[in-house]
Amino acid sequence: MISAALAVLQTDEQRKDLTDFYEKNKNRLYSIAFSKLHNREDAEDAVQETFLRIANKPERFFQISQNKRTAFADVIIRNIAVDMYKKNSAIEEVELTDIISAANQEPDFQENIFAMLSSDELIRCISELSPLQRDILELNVYQGLTIREMSQFLSISENVVRQRLYRARKSLRLYLENKESNNV
């Protein structure tokens, strides 16, 4: 199943690591894809595409610590499955210009939110986000990827990345507003 991905890798060590990772996580990744696509063949294609993306940028995957690789792969498979679902359902992309301009108005929002919330509160708030919002925040905050890097890595447009990031930040902002109003 992952032979095409293994062929792309340069070293035997990377091939062994990716093969081991595949064996440990293939069922889990398949389940994530199937839950979105409701089709066995499409879910298998999504798993294969996930490993191809990892193999095409091995430096990113192999630099991540072992315990974070599963979360990293989860982000990829969810985004692939969602993209496949959209293509299969012929859903058109929404007009994003208002969202993009609003997202660009607050570049320091992330720093402000971290200063206002304890780490436990931040974790609780992030865990309540939708998977797509949570994934984009994890890539941006924990992995330190830029919008362009997230776009390339997830094979989605920069506009879609901005939209997801905007919505995640908006959810965090609402959480803060609710917290402040409860403290009054």
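The present account deals with the structure reproduced in this document. (Residues numbered from 1 in each chain as written. Predicted model: local features only at pLDDT ≥ 70, side-chain atom pairs only at ≥ 80, totals over all residues. Heavy atoms only, no water.)

1. Observations regarding helix H9 (residues 131-142)
Reasoning step 1: In this model H9 runs 15 Å from its N-terminal to its C-terminal C-alpha over twelve residues, within 8% of the 16 Å that 1.5 Å per residue would give.
Reasoning step 2: Turning to H9, its buried residues number three or more, namely Gln133, Arg134, Asp135, Ile136, Leu137, Leu139 and Asn140.
Reasoning step 3: Looking at the residues trailing H9, positive phi occurs at Gly144, about 75°. (Helix = DSSP H or I, 4+ residues; strand = E, 2+ residues; numbered from the N terminus. Expected span 1.5 Å × (residues − 1). Buried < 20%, exposed > 50% of the residue type's maximum accessible area, 1.4 Å probe, protein only.)

2. A few points about the side chain of Gln133
Reasoning step 1: By secondary structure assignment, the location of Gln133 is in helix H9.
Reasoning step 2: Classification of Gln133 by relative accessible area gives buried; the value is 14%.
Reasoning step 3: Looking at Gln133, its side chain comes within polar contact range of the side chain of Ser171, at 3.4 Å.
Reasoning step 4: When sequence neighbours within four positions are dropped, the list of residues in contact with Gln133 reads Arg164, Arg167, Ala168 and Ser171. (Polar contact = N/O pair within 3.5 Å; in protein donor to acceptor, adjacent residues only side chain to side chain. Contact = heavy atoms within 4.5 Å.)

3. Brief notes about the environment of Leu29
Reasoning step 1: With respect to the helices and strands, the residue Leu29 is situated in helix H2 (residues 12-37).
Reasoning step 2: Leu29 gets classed as buried once you look at its relative accessible area, which sits at 1%.
Reasoning step 3: Distance from Leu29 to Thr50, taken between C-alpha atoms, is 8.9 Å for residues 21 residues apart in sequence.
Reasoning step 4: Setting aside chain neighbours within four positions, we find Leu29 in contact with Val47, Phe51, Ala73, Asp74 and Ile77.

4. Regarding helix H3 (residues 40-56)
Reasoning step 1: The terminal C-alpha atoms of H3 lie 24 Å apart, and with 17 residues this matches the ideal 24 Å at 1.5 Å per residue to within 8%.
Reasoning step 2: Within H3, burial applies to Asp42, Ala43, Ala46, Val47, Thr50, Phe51, Arg53, Ile54 and Ala55.
Reasoning step 3: Between the side-chain oxygen of the N-cap and the backbone nitrogen of Glu41 there are 2.9 Å, and the N-cap of H3 in question is Asn39.

5. Some points on the packing of H2 against H3
Reasoning step 1: The geometry of H2 relative to H3 is characterised by a closest axis approach of 8 Å and an angle of 135° between their N-to-C directions. The orientation of H2 relative to H3 falls into the category oblique. When the axes of H2 and H3 are compared, the crossing they make is right-handed. Counted together, Leu18, Phe21, Tyr22, Leu29, Tyr30, Ala33, Phe34 and Leu37 of H2 and Arg40, Asp42, Ala43, Glu44, Ala46, Val47, Phe51, Ile54 and Ala55 of H3 form the full contact between these two elements. (Axes fitted to C-alpha atoms, helices over the stretch in contact; angles between N-to-C directions. Parallel < 35°, antiparallel > 145°, perpendicular 65-115°, else oblique. Left-handed = near helix turned anticlockwise from the far one by under 90°.)

6. Some details on the packing of aromatic side chains
Reasoning step 1: Under the defined criterion, the tally for this structure stands at six aromatic pairs.
Reasoning step 2: Summarising the aromatic geometry, the rings of Tyr30 and Phe34 are spaced 5.9 Å apart at their centres and angled 20° between planes, so their arrangement reads as stacked. One end of the pair is Tyr30 and the other is Phe34, both in helix H2 and four residues apart, which spans about a single turn.
Reasoning step 3: Looking at Tyr30, the relative accessible area reads 24%, which means it is partly exposed.
Reasoning step 4: What links up through ring pairs into an aromatic cluster is the set Phe21, Tyr22, Phe51, Phe61 and Phe62. (Phe/Tyr/Trp six-rings, centres within 6.5 Å; stacked < 30°, edge-to-face > 60°.)

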